[in-house]
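A structural walkthrough
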Amino acid sequence: MTAPDTFDEHFTDPQLDPAVWTTSYLPAWSSRAAAAATYTVEPDGLHLSIPPEQPLWCPDLHEGRLRVSAVQSGNWSGPLGSTRGQQPFREGLTVREVQPTVLGWTPHFGRVEVECSARIGPRSMFSAWMVGIEDVPTRCGEICLVEVFGDAVGADGAAVGSGIHPFRDPVLTEEFSADQLTIDVSMPHRYTVDWRPGRVEFFVDGVATRVCYQAPDYPMQLILGVFDFPDHRSAVAGVAPTPELVVHRVRGSGHSSG
């Protein structure tokens, strides 16, 4: 990381910096070990993958079987047994493992760009999104830079999701769609947002794709992940292809909350 108001991650070191990246997905609801990502850092960037032996994520809590390899630029939790944590995915969740507060990169407005490529099958997906750190429960809205499901990828392009999810933020409204773009997601592309007070503009490879005239007004963290859904209708007996997200670079500007 460079100066507090800028961020430029090339993923050149063999291990991710623990002062910036938490390499487990929402670990308060399970544990850092149980939610750990499978990843390597190679010359072309961060490789997040889901090999066949990777265990299910929160198998006793999540509705529908799910496997995840994700990293996030912020992490914290409340005390053991409390309901204070990030992105609760159902009612009644309580903290199973207390998390240290690590706010590696949590901008408040600015430009965020993720350059990535992905190899996904019909039962997998990849995504990059900003989400409120939820130091206050209502500061939880999401800006999704990109979300692509494998069953929405075809020879002529892919349905590329982007937009805003309010979750429990009463100021925001749902404004999200997956629009068909003539891109090959297995090749590197730049997914960017220009996030300003009251406005978020979205870009793919420098071309504007949409504008939302609303915006979260609090610090947010970045999450990068690849997901596998074993119960998808395309699932068949045997070993599924290994989905992989390669993050080549993350760049941003904003104001750090730390």
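Relevant structure appears above.
For the structure given in this document, a descriptive report is provided here. Note that the structure is a prediction, hence the values are computed from the model and not measured.

Definitions and cut-offs
- Residues numbered from 1 in each chain as written.
- Predicted model: local features only at pLDDT ≥ 70, side-chain atom pairs only at ≥ 80, totals over all residues.
- Heavy atoms only, no water.
- Core = buried A, V, L, I, M, F, W, Y, C linked by side-chain atoms within 4.5 Å.
- Buried < 20%, exposed > 50% of the residue type's maximum accessible area, 1.4 Å probe, protein only.
- Contact = heavy atoms within 4.5 Å.
- 1 Å grid on protein atoms, 1.4 Å probe; cavity = no way out; pocket = protein on both sides within 12 Å on 5 of 7 lines; lining within 4 Å.
- Points joined across faces, edges and corners; volume = space filled by probe spheres on them.
- Nonpolar A, V, L, I, M, F, W, Y, C, P; charged D, E, K, R; others polar.
- Helix = DSSP H or I, 4+ residues; strand = E, 2+ residues; numbered from the N terminus.
- Disulfide = S-S within 2.5 Å.

Let us now look at the nonpolar core. Ranked by internal contacts, the top residues of the largest apolar core, which has 47 residues, are Phe-11, Trp-21, Val-114, Phe-126, Tyr-191, Leu-224 and Val-250. Those residues in contact with Val-250 that sit more than four places away from it in its chain are Phe-7, Asp-8, Glu-9, Phe-11, Trp-105, Glu-113, Val-114, Leu-222 and Leu-224. Grouped together as the second largest cluster of nonpolar side chains are 19 residues, Ala-28, Leu-61, Leu-93 and Val-95 included.

Another aspect to go through is empty space enclosed by the protein. Scanning the entire structure with this criterion turns up one cavity of 30 Å³ or more. Along its surface, the largest cavity is lined by Leu-26, Pro-27, Ala-28, Trp-29, Asn-75, Trp-76 and Gln-86. Tallied by class, residues from the lining of the largest cavity come to five nonpolar, two polar and no charged.

Before going further, it helps to examine the layout of surface pockets. Of the pockets and cavities examined, the largest pocket occupies roughly 490 Å³. Considering the residues around the largest pocket, the lining is formed by 19 residues, among which Tyr-25, Gln-87, Trp-129, Glu-142 and Phe-167 are closest to the centre. If you list the elements that add at least two residues to the lining of the largest pocket, you get strand S8 (124-132) and strand S9 (142-149). What the second largest pocket holds in volume is close to 300 Å³. Per-class residue counts for the lining of the second largest pocket are five nonpolar, three polar and six charged.

The next thing to look at is the state of the cysteines. Inspection of every chain in the model, using the stated rule, returns zero disulfides. A disulfide-free cysteine, Cys-140 has its sulfur positioned 15 Å from the sulfur of Cys-144, the nearest such atom. The buried category is assigned to Cys-140, whose relative accessible area is 1%. Cysteine Cys-144 is unpaired, with the sulfur of Cys-212 as its nearest cysteine sulfur at 11 Å.

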